[in-house]
Amino acid sequence: MSNRYRALWISDVHLGSRDSEPQRLADFLAQNTADTVYLVGDIFDMKALSQGKGSWCHASSLLLGMLSELGSNTPEIIYVPGNHDAPMRSWAGKHLGNIRVEREWTHTTNDGKRYWVTHGDQFEHHIEINPVSYHIGDQSYYLMLRINRWINYWRSRFDKPWWSLANHVKNRVHAARRMMNKFEEVAIRETARRGFDGVICGHIHRAGIRHSASKDSACKDSAVTYANCGDWVDSMTAIVEEKSGALNLLHWHRTPKIARIMTEAVAA
Ligand SMILES: [Mn+2]
């Protein structure tokens, strides 16, 4: 049985990178649908593909087929590209089959709240990052994903659910946590300044919904909702809008074995 929401947001799928988990997303989309589906950037990892670090597997093609098929059951699919699929930004205002490409978007919920939909990489420019530590952080993150895949391979053999090492470590490493908190602060401040009720973004691979009063003195009393979709590399999360207009965070934690069986069933 599938769940239908008013709207659904996913980001940071990184299709084409070695760390992408397209079969999990295909599994999720088979059971979760919406009137409007938003692809909030870094759907393709053109960076990895252009640097020769990519890999395009059968499941990636399967997922692409699924997305285009989704268009016939979904009135609207809006794709807001991110920094890893930045070349797609030049398609803003155009259609790619059933998918409408936009640089950013405003979504109005059923209870009349206006949300700014953006990938969020621009918020990073307001954060001072030491380029050396950024590079090390990036490298160790990808190494961690590799170790994580190995751990989960063994967990799946014992029918244990998916577990995220990167998330576990990220939340404990002080510098990473501070950077992500800063990102959220910048996003909230900018959202309040632009007069939105909230923002729905991705980019930092940390899912969450947070309600916050902006610290900005110019708009002191404006409460802003910050929602981050997370990713489909290791947290397997999505933001959805319920019929009431409320936003919710979904975690898709299936055992890899089930995901694999389902993918094979779709392919058959
Ligand atoms: Mn990004």
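Residues numbered from 1 in each chain as written. Predicted model: local features only at pLDDT ≥ 70, side-chain atom pairs only at ≥ 80, totals over all residues. Heavy atoms only, no water.

Okay, the sheet that holds strand 4 (residues 95–96) next. Here seven strands make up an open sheet; going across it, the order is 4-5-3-2-1-11-12 and the pairing mixed. The open sheet has two free edges, formed respectively by strand 4 and strand 12 (247–251), since each of these has just one partner strand. Pairing analysis gives three bridges linking strand 1 (residues 3–10) to strand 11 (residues 237–241), with the strands arranged antiparallel. By the bridge assignment for strand 11, tryptophan 9 is matched with isoleucine 239. Of the strands in this sheet, strand 1, strand 2 (32–39), strand 11 and strand 12 are in contact with helix 1 (residues 22–31), which crosses strand 2 at around 130°. (Pairing = 2+ DSSP bridges. Helix = DSSP H or I, 4+ residues; strand = E, 2+ residues; numbered from the N terminus. Contact = heavy atoms within 4.5 Å. Axes fitted to C-alpha atoms, helices over the stretch in contact; angles between N-to-C directions.)

Looking now at the coordination of the manganese ion. The coordination sphere of the manganese ion, as far as protein atoms go, consists of Asp42 (OD), Asn83 (OD1), His119 (NE2) and His203 (ND1), spread over 2.1 to 2.3 Å. Sequence spacing among the residues donating to the manganese ion works out to D-x40-N-x35-H-x83-H. With aspartate 42 in the loop between strand 2 and helix 2 (46–50) and asparagine 83 in the loop between strand 3 (76–79) and strand 4, this residue pair connects regions lying 41 residues apart in the sequence. (Donors = N, O, S within 2.8 Å, 3.2 Å for Na, K, Ca; no water.)

The subject of this paragraph is the nonpolar core. If you look at the biggest cluster of nonpolar residues, it comprises 30 residues, and the most contacted ones within it are Ile10, Leu25, Phe28, Leu39, Tyr79 and Trp232. When residues of this core are traced back to their parent elements, those giving at least two are strand 1, helix 1, strand 2, helix 3 (58–73), strand 3, strand 5 (99–101) and strand 11. Leave out the neighbours within four places in its chain, and phenylalanine 28 touches Leu8, Ile10, Trp232, Ala238, Leu250 and Trp252. (Core = buried A, V, L, I, M, F, W, Y, C linked by side-chain atoms within 4.5 Å. Buried < 20%, exposed > 50% of the residue type's maximum accessible area, 1.4 Å probe, protein only.)

Okay, the sheet that holds strand 6 (residues 105–108) next. Within the open sheet, the five strands sit side by side as 6-7-8-10-9. Their pairing is mixed. Of all strands in the sheet, those bounded by a partner on one side alone are strand 6 and strand 9 (208–213). Across the sheet, the mean angle separating the axes of adjacent strands is 20° when strand polarity is ignored. As defined by bridge partners, strand 9 adjoins strand 10 (residues 223–228) across six bridges and the pair is classed as antiparallel. In the sheet register, arginine 210 faces strand 10, and the bridge partner there is tyrosine 226. Contacts from helix 6 (residues 174–193) reach strand 7 (114–117), strand 8 (198–201), strand 9 and strand 10 within the one sheet, and its direction differs from that of strand 10 by about 130°.

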